Amino acid sequence: MSATRETKAATEPVIEVRELCNRFGDHIVHENLELDLLGGEILGVVGGSGTGKTVLLRSIVGLITPASGHIRVFDQDLTQLPAMARSRIEQRFGVLFQGGALFTSLNLQENIAVPLIEHAGLKRPEAEKLARMKLALTGLSPEAAVKYPSELSGGMVKRASLARALALDPEILFLDEPTAGLDPIGAAAFDRLIVTLRDALGLTVFLVTHDLDTLYSTCDRVAVLSQRRVLVADTLETVATMEDEWIQDYFNGPRGRAASYAFMDHSQIRNQE
Ligand SMILES: Nc1ncnc2c1ncn2[C@@H]1O[C@H](COP(=O)(O)OP(=O)(O)OP(=O)(O)O)[C@@H](O)[C@H]1O
């Protein structure tokens, strides 16, 4: 856990994934995968390329139907629910996809107004007013609200996409590689924004990332995907000491050590010197 911010105690699981199997033809991605997401936590999901992090996220949010297994959210098994009931639960999710997935033909406030009109039944002027508030929440100015995605920097696109993910006041936020493509300063600012929003809005966050700085600066726990399952889900300190080749290369290779050192508090650094 980062020494730079206070840990908010995670409580009961809000998502329980059990015996999850996903396959594409002969290619088995997950086999009896088990994972809990605890209320109020930021859970980092890491693993080598192709280990199925995005497939796991997409299975939970309902974009992939698993071959078998159970995904219990707020004590209801999504794999057993009729479509309407499932959709009601999914409306409590906000998702930031890789690349942002904004509509290129709409400006930012129109983009964020779409879910407010479609799912919350708001009229366009109210929806766009609320959209501007959501944009402000993610640090974007009123001037940015009338810009089109092509007119924005990568960091602004990420913030706007986050504003859209927050449009319907979700309880659980899913982020797929939120800092990919951002420069280190933009990425660090985005990391801080995630923690601030989690604390201010009481969110629970499922965060897929390769970014070690993001893990150290935001996550309460880390889940490592390997060999078609979750190898371990625990605090960074515990995970980083596990005797597993990928974990050791990732957390204790040069980049991992640099990230860990950067987020240690100074007394820990002094004790090591
Ligand atoms: N729609 C699909 N059809 C066929 N195979 C798929 C599909 N979606 C994902 N896969 C395969 O499932 C595996 C896991 O993909 P996934 O995108 O979840 O990996 P990942 O861990 O998120 O990787 P990365 O870190 O590179 O983004 C990959 O081998 C991928 O090719």
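Residues numbered from 1 in each chain as written. Predicted model: local features only at pLDDT ≥ 70, side-chain atom pairs only at ≥ 80, totals over all residues.

For the protein chain, the name recorded in an unreviewed UniProt entry is ABC transporter ATP-binding protein, with Marinobacter metalliresistant as its organism.

Draft legend 1. Looking closely at the overall build of the protein chain. If you tally the helices and strands in the protein chain, you get 11 helices and 10 strands. Compactness check: the protein chain gives a C-alpha radius of gyration of 19 Å against a globular reference of 19 Å for 273 residues, within 12% of the reference. Across the protein chain, the fraction of contacts at a sequence separation of at least 24, relative to all contacts at a separation of at least 6, is 68%. (Helix = DSSP H or I, 4+ residues; strand = E, 2+ residues; numbered from the N terminus. Rg over C-alpha atoms; globule rule 2.2 N^0.38 Å. Contact = placed C-beta atoms within 7 Å.)

Draft legend 2. View of the confidence of the model for the protein chain. Across the protein chain, the average pLDDT comes to 89, with 92% of residues at 70 or higher. Predicted confidence is poor over residues 1-9, with pLDDT under 50, and the contacts of this stretch with residues over four places away or in other chains come to 16 contacts. Interface predicted TM-score (ipTM) for the complex: 0.97; the corresponding pTM is 0.90. (pLDDT = per-residue confidence, 0-100.)

Draft legend 3. Representation of the sheet that holds strand β4 (residues 68-73) within the structure. Spatial strand order, β2-β1-β4-β5: four strands in an open sheet with antiparallel pairing. Of all strands in the sheet, those bounded by a partner on one side alone are β2 (27-38) and β5 (76-77). Looking at chain direction, strand β1 (residues 13-24) and β2 are connected through eight bridges and run antiparallel. Along β2, the bridge assignment pairs Leu20 with Leu33. The sheet strands contacting helix α1 (residues 53-60) are β1, β2 and β4, and the helix crosses β1 at an angle near 120°. (Pairing = 2+ DSSP bridges. Axes fitted to C-alpha atoms, helices over the stretch in contact; angles between N-to-C directions.)

Draft legend 4. Examining the pairing of strand β7 (residues 172-176) more closely. Most of β7 is tucked away: five of the five residues are buried. Burial of β7 is two-sided: the residues Ile172, Phe174 and Asp176 facing one way and the residues Leu173 and Leu175 facing the other way are all buried. Sheet analysis places strand β6 (residues 93-96) next to β7, joined by four bridges and oriented parallel. If you follow Gly94 over to β7, its bridge partner there is Leu173. Once the chain exits β7 it traverses helix α6 (residues 184-201) before rejoining the sheet at strand β8 (residues 204-208), and the crossover so formed is right-handed. (Buried ≥ 20, exposed ≤ 12 C-beta atoms within 10 Å, placed from the backbone. Right-handed = clockwise from strand over helix to strand, strands pointing away.)

Draft legend 5. Focus on the packing of helix α3 (residues 108-118) against helix α4 (residues 124-137). Packing of α3 against α4 brings their axes to within 8 Å, and their N-to-C directions diverge by 115°. Of the two possible hands of crossing, α3 and α4 adopt the one that is right-handed. Side by side, α3 and α4 meet where Leu108, Gln109, Glu110, Ile112, Ala113, Leu116 and Ile117 of the first sit next to Arg124, Ala127, Glu128, Leu130, Ala131, Arg132, Lys134 and Leu135 of the second. Across the contact of α3 with α4, the residue classes tally to nine nonpolar, one polar and five charged. (Left-handed = near helix turned anticlockwise from the far one by under 90°. Nonpolar A, V, L, I, M, F, W, Y, C, P; charged D, E, K, R; others polar.)

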